[in-house]
Amino acid sequence: MRICATYSFPAGRHLGGHTFMSIDFEPTTEIAADNLTLAPYVDKLPIPKIQRPGLGGDIQIHAKPAMHQFHRDLQESKIWGYEGTFPGPTIEVQSGQLARIDWINCVPPTEAYPVKHVENKLEFPGYDQPGQGAGLDGPGVPDTKAEALKSWLVTHVHGQKGDAHNDGWAFNATKYQGVQRTQFPNNQAACANWYHDHAMSITSLNVMAGLAGMYIIRDQEEKDLNLPRGKYEVPLVLADRNFMTEGEPGNRKLTPQLLHKQALGPNADEVPPGQPPVIDIPVAFYGPFNTVNGKITPYHDVEARWYRFRVLNAAHSRFYGLKLFYEYTTKNNNVPVPAADLKRAVKLIGTDSGLLGKPMDIPEDGLILGSAERVDLLIDFSVFKGKRIKVINVGSDNPQIDPFNAVMEFRVSPQTVIDTFKLPDVISKQYYRVTHDTPPGGHHGHRWAVLADPTNMMMIWEMVELHGDEAQKYRGKITDGIIEVDLDGNPATETTVLRRVAVMFEDALTFFINEGDWEQWRFLNLTDFPHPMHMHLVRFQALERRVVDDRAFIRILENGKVIGGGTDKKPVTFRTVGPNDGLLPHEIGWKDTVRVDGTELVSVMSEFEGGTGTFMYHCHILDHEDDSMMRPFAVMPKEVLEYHPMDHGHGGHHPGLNNRKRRTQE
Ligand SMILES: [Cu+2]
């Protein structure tokens with residue numbers, strides 16, 4: 001079993017080396033005998049209730065234990081939800097409207113943790129199937145530590161600007177009856193953000209318990225577009241889930257007990273001769289059941305007219321490849337909506353952090369959404385009058401298999417209705433494409449974050465660029481934590497030498513940023529796993545995506561034990577892929593989370609404005625984030641940063657790091 005199915009793009013848009021995280025589900029005979037499936041399209045799509053700020057901008061959100069029915073044929077499950085629901089209420093504010101939100105922990109310590117946590121090695125096929133696992137599935141090892149957990153919660157509003165003390169710093173979680181007071185100016189463009197738990201080390205479990213909801217910002221520009229609204233604007237919160245089973249193999253039944261079955265796997269990298277394989281990397285969670293707004297594969301009755309969908313991938317790890325199919329009578333014989341119909345009916349008008357300049361078509365082979373990514377979609381169901389349209393996750397190797405790849409179904413009324421909405425040619429006049437020259441005077445700093453897994457952890461290596469003699473002394477040598485890169489592929493120019501300065505979240509802060517500065521961050525993924533990288537505070541635009549030849553990156557051993565990694569006397573090289581700087585067409589939108597697939601380099605450019613303090617950036621695969629694939633960065637007023645000793649490198653408190661440079665200017 002592999003967890004990274006290769007996702008092929010049609011000719012001309014091939015992203016080469018592009019890995020696509022998916023379920024890779026092959027039903028075993030045991031599963032068939034047990035029939036651990038749930039009938040798709042039997043539950044109506046629920047719509048989370050909307051919560052707007054009251055007088056003075058006040059909102060109170062209570063995290064509390066509740067019962068939640070995921071599917072018609074399942075008993076109610078114990079969850080912890082914001083206002084007792086999963087997803088939580090949709091918070092809706094106007095751009096510029098102050099919101100003061102109190103996040104109140106109402107989960108008493110007497111409440112048992114609502115999620116069972118089990119570790120399951122990838123070599124056993126059961127890691128993405130229902131139940132703890134036994135026999136053929138391989139022994140799922142219960143994590144008894146999870147049973148001892150009491151509620152310890154902190155909420156982060158993903159995509160939200162504001163000072164850092166409102167941002168849900170992972171360590172600043174609170175116990176029962178604790179209140180996290182936050183204030184957001186909402187001085188940002190219309191977009192669909194979301195809120196979820198962010199507690200240090202247990203984010204993955206707390207979110208699995210049900211702690212997530214949407215946060216929608218509206219503005220005048222959006223209003224003037226007269227987009228479908230009210231019941232014609234529908235949030236779709238996607239998340240996969242798993243459940244415990246009961247009974248003997250061959251006669252097992254699903255129970256409503258939420259199950260976080262964490263796949264542990266061998267490192268997918270090729271291990272050079274003489275080097276030990278790396279085992280038990282926490283890969284991720286893959287649930288066999290897709291929920292939308294808290295229901296497993298629901299259906300939604302729609303009129304034959306335009307709708308607007310605010311789609312959020314709130315899954316822990318799963319990347320969705322969303323594709324529309326016509327439902328025919330044979331259950332497993334879905335037919336893709338033909339390209340011409342798709343082009344007529346479906347338009348993409350926005351990404352994570354706001355509206356696009358113009359409506360765009362969605363890719364015929366599926367719209368890819370990594371964890372935490374959002375899209376703003378318009379669908380004209382008059383094209384599909386009287387039909388049933390299935391949404392299927394084609395990220396899987398077996399996209400035709402129902403129900404495990406089913407996401408939801410639209411049932412389009414046969415009735416003709418009057419619809420005054422006309423798709424505008426221009427969506428957002430405020431939108432502009434960011435380039436290297438966008439920052440005033442073209443000035444911007446550079447940062448490097450290397451994603452690496454030479455040991456049994458997924459890590460972010462924070463790097464500094466070395467210069468002059470210091471760089472030269474490392475060129476062509478093997479040194480732990482030194483990565484030499486050949487960015488331009490030109491042998492006549494010098495390679496860039498990067499030195500690792502931080503790994504763990506608790507390592508010294510190294511990214512100090514002037515408030516208002518623009519910076520280009522490069523995420524260099526030297527692992528074979530895709531990592532959706534999210535930066536707090538900012539919105540950014542992706543500048544380019546390149547494929548990395550990472551054969552030069554090797555593990556470094558001491559006494560037969562892996563102690564780190566570095567480049568093997570030659571630099572890591574790159575190749576450009578396809579048109580559009582290697583980006584999918586819609587990846588030119590404003591975003592806060594970007595897919596950095598296995599062995600890829602993705603550069604993003606952002607302006608660090610809208611708040612000051614220490615923020616986090618991290619992989620949004622929640623088990624990677626908990627496994628320390630997260631680092632802090634500080635944004636300070638320029639005149640204050642002038643006073644800060646670390647910024648000038650004369651603090652001298654960090655042996656071996658005192659030569660580091662804060663950044664280079666371009
Ligand atoms: Cu990751």
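Analysis parameters
Residues numbered from 1 in each chain as written. Predicted model: local features only at pLDDT ≥ 70, side-chain atom pairs only at ≥ 80, totals over all residues. Heavy atoms only, no water. Helix = DSSP H or I, 4+ residues; strand = E, 2+ residues; numbered from the N terminus. Contact = heavy atoms within 4.5 Å. Areas by Shrake-Rupley, 256 points an atom, 1.4 Å probe, with all protein chains shown as cover. Pairing = 2+ DSSP bridges. Axes fitted to C-alpha atoms, helices over the stretch in contact; angles between N-to-C directions. Salt bridge = Lys/Arg side-chain N within 4 Å of Asp/Glu carboxyl O. Patch = residues over 30% accessible without salt bridge, like charges linked within 9 Å, V, L, I, M, F, W, Y side chains within 5 Å. Lys, Arg positive; Asp, Glu negative; His and termini not counted. Charge placed at Lys NZ, Arg CZ, Asp CG, Glu CD. Buried < 20%, exposed > 50% of the residue type's maximum accessible area, 1.4 Å probe, protein only. 1 Å grid on protein atoms, 1.4 Å probe; cavity = no way out; pocket = protein on both sides within 12 Å on 5 of 7 lines; lining within 4 Å. Points joined across faces, edges and corners; volume = space filled by probe spheres on them. Nonpolar A, V, L, I, M, F, W, Y, C, P; charged D, E, K, R; others polar. Domains from an automatic or database assignment. Core = buried A, V, L, I, M, F, W, Y, C linked by side-chain atoms within 4.5 Å. Donors = N, O, S within 2.8 Å, 3.2 Å for Na, K, Ca; no water. Phe/Tyr/Trp six-rings, centres within 6.5 Å; stacked < 30°, edge-to-face > 60°. Lys NZ or Arg CZ within 6 Å of the ring centre and 35° of its normal. pLDDT = per-residue confidence, 0-100.

Engineer: Residue-level account of the overall build of the protein, with values.
Structural biologist: Within the protein, the secondary structure is distributed over 9 helices and 44 strands. Counting only contacts in the protein whose residues sit at least 6 apart along the sequence, the fraction spanning at least 24 positions is 78%. Here the protein displays about 24,700 Å² of accessible surface, and carbon together with sulfur accounts for 52% of that area.

Engineer: Please give an account of the sheet that holds strand β32 (residues 482–485) that cites residues and values.
Structural biologist: Spatial ordering of the open sheet is given by β32-β33-β31-β30-β35-β42-β37-β40, a layout of 8 strands whose pairing is mixed. Strands with a single pairing partner mark the edges of an open sheet, and in this sheet they are β32 and β40 (573–576). Strand-to-strand twist across the sheet, computed as the mean angle between neighbouring axes with direction ignored, equals 35°. Bridging between strand β30 (residues 445–452) and strand β35 (residues 518–525) involves 7 bridges; their strand directions are parallel. Residue pairing in the sheet places V450 in a bridge with L524 of β35.

Engineer: Now, about the pattern of salt bridges: what can you tell me, with residues and values included?
Structural biologist: The final tally for this structure, using the stated rule, is 39 salt bridges. Salt bridges sharing common partners tie together R52, E92, R218, E222, E233, R308, R310 and D376.

Engineer: Give me a negative patch on the surface: which residues, what numbers.
Structural biologist: Together, D163, E515, E639 and E642 give the surface a local cluster of negative charge. Relative to the elements of secondary structure, E639 occurs in helix α8 (residues 638–641). A residue is classified by how much of its surface remains accessible, and E639, at 55% relative accessible area, is exposed.

Engineer: I'd like a rundown of empty space enclosed by the protein, residues and numbers included.
Structural biologist: This structure, assessed with the given rule, holds 5 cavities of 30 Å³ or more. Volume-wise, the largest cavity comes out at about 230 Å³. Lining the largest cavity are 22 residues, with L322, K323, L324, L377 and V391 positioned closest to its centre. Elements represented by at least two residues in the lining of the largest cavity include exactly β14 (233–241), β21 (306–313), β22 (320–326), β27 (374–380) and β29 (406–416). Taken together, the residues of the lining of the largest cavity sort by class into 19 nonpolar, 1 polar and 2 charged.

Engineer: Describe the environment of P48, naming the residues involved and giving the relevant values.
Structural biologist: Relative to the assigned elements, P48 resides in the loop between α1 (29–34) and β3 (50–51). C-alpha of P48 to C-alpha of P89: the two residues are 41 residues apart in sequence and 5.3 Å apart in space. The contact partners of P48, leaving out residues within four places of it in the chain, are P87, G88, T90, P235 and N293.

Engineer: Lay out the sheet that holds strand β43 (residues 613–619) in plain terms, naming residues and giving numbers.
Structural biologist: Taken in spatial order, the 5 strands line up as β34-β44-β43-β36-β41 in an open sheet, and their pairing is mixed. Here the strands that pair on one side only, and so sit at the sheet edges, are β34 (512–514) and β41 (593–596). Looking at each pair of strands side by side, their axes are set apart by 25° on average, direction ignored. Of the strand pairs in this sheet, β43 and strand β44 (residues 630–636) are connected by 6 bridges, and their pairing is antiparallel. Looking at the pairing, H618 lines up with M630 of β44.

Engineer: How would you sum up the layout of surface pockets? Please name residues and give values.
Structural biologist: The calculated volume of the second largest pocket comes to roughly 350 Å³. For the second largest pocket, the lining is made up of 20 residues, of which H117, E119, D143, S201 and Q262 are closest to its centre. Elements supplying a minimum of two residues to the lining of the second largest pocket: β8 (115–121), α2 (144–147), α3 (203–208), β16 (253–265) and α7 (622–626). Among the residues making up the lining of the second largest pocket, the classes are represented as 7 nonpolar, 6 polar and 7 charged. The two domains that each donate at least three residues to the lining of the second largest pocket are domain 1 (37–224) and domain 2 (440–648).

Engineer: Before we move on, can you summarise the nonpolar core with the specific residues and values?
Structural biologist: Most often, soluble globular proteins have nonpolar side chains that are buried together. Core analysis: the biggest nonpolar cluster contains 43 residues, and F70, I91, I101, W103, Y215 and F243 have the highest contact counts within it. Broken down by secondary-structure element, the contributors of at least two residues to this core are β4 (58–68), β5 (77–82), β6 (90–94), β7 (99–105), β12 (191–197), α3, β13 (212–218) and β16. Tallying contributions element by element places β4 first for this core, with 4 residues. Core analysis: the next-biggest nonpolar cluster, separate from the first, contains 37 residues, A315, L356, L367 and I379 among them.

Engineer: I'd like to hear about the coordination of the copper ion, residue by residue, with values.
Structural biologist: The copper ion binds to the protein through H531 (ND1), C619 (SG) and H624 (ND1), with metal-donor distances spanning 2.0 to 2.1 Å. Site description for the copper ion: donor spacing in sequence, H-x87-C-x4-H. On the basis of relative accessibility, which here comes to 0%, the residue H624 falls in the buried class.

Engineer: How would you summarise the packing of aromatic side chains if you had to cite specific residues and measurements?
Structural biologist: Summed over the entire model, instances satisfying the criterion amount to 31 aromatic pairs. Summarising the aromatic geometry, the rings of Y307 and F381 are spaced 5.5 Å apart at their centres and angled 75° between planes, so their arrangement reads as edge-to-face. A residue pair is termed long-range when its members are at least 10 positions apart, and Y307 in strand β21 and F381 in the loop between β27 and β28 (388–393) qualify at 74 residues. Side by side, Y307 and F381 carry an identical accessibility label, which is buried. Both rings, one in F309 and one in F410, keep their centres 5.1 Å apart while their planes meet at 50°; by these two values the pair is tilted. One end of the pair, F309, is in strand β21; the other, F410, is in strand β29, and 101 residues separate them in sequence. F410 shares its class with F309; the two are buried. Aromatic rings pair up to connect Y232, Y307, F309, Y326, F381, F384 and F410 into one cluster. The side chain of R305 reaches across the aromatic face of Y232, ending 3.5 Å from its centre. The ring of Y299 has R411 sitting right over it, with the charged end atom 3.8 Å from the ring centre.

Engineer: Explain the confidence of the model for the protein residue by residue, including any values.
Structural biologist: This prediction gives the protein a mean pLDDT of 87; 86% of its residues lie at or above 70. Low pLDDT (under 50) marks residues 1–32, which in the prediction has 107 contacts with non-local residues, meaning those over four places away or in another chain. Across residues 648–666 the pLDDT falls below 50, and counting only partners more than four positions away or on other chains, this stretch makes 40 contacts in the model.

Engineer: Describe unusual backbone geometry, listing the residues and the values that go with them.
Structural biologist: Peptide bonds are, in most cases, trans, and in most cases residues other than glycine have a negative phi. In this chain, F86 is followed by P87 through a cis amide linkage whose omega measures -5°. Examined against the element boundaries, P87 turns out to sit in the loop between β5 and β6. A positive phi angle is found at Y41, which is not glycine, with a value near 60°. One can find Y41 in the loop between α1 and β3. The backbone of N226 shows a phi angle near 50°, a positive value even though the residue is not glycine. Among the residues examined, N226 registers a relative accessible area of 48% and is labelled partly exposed.

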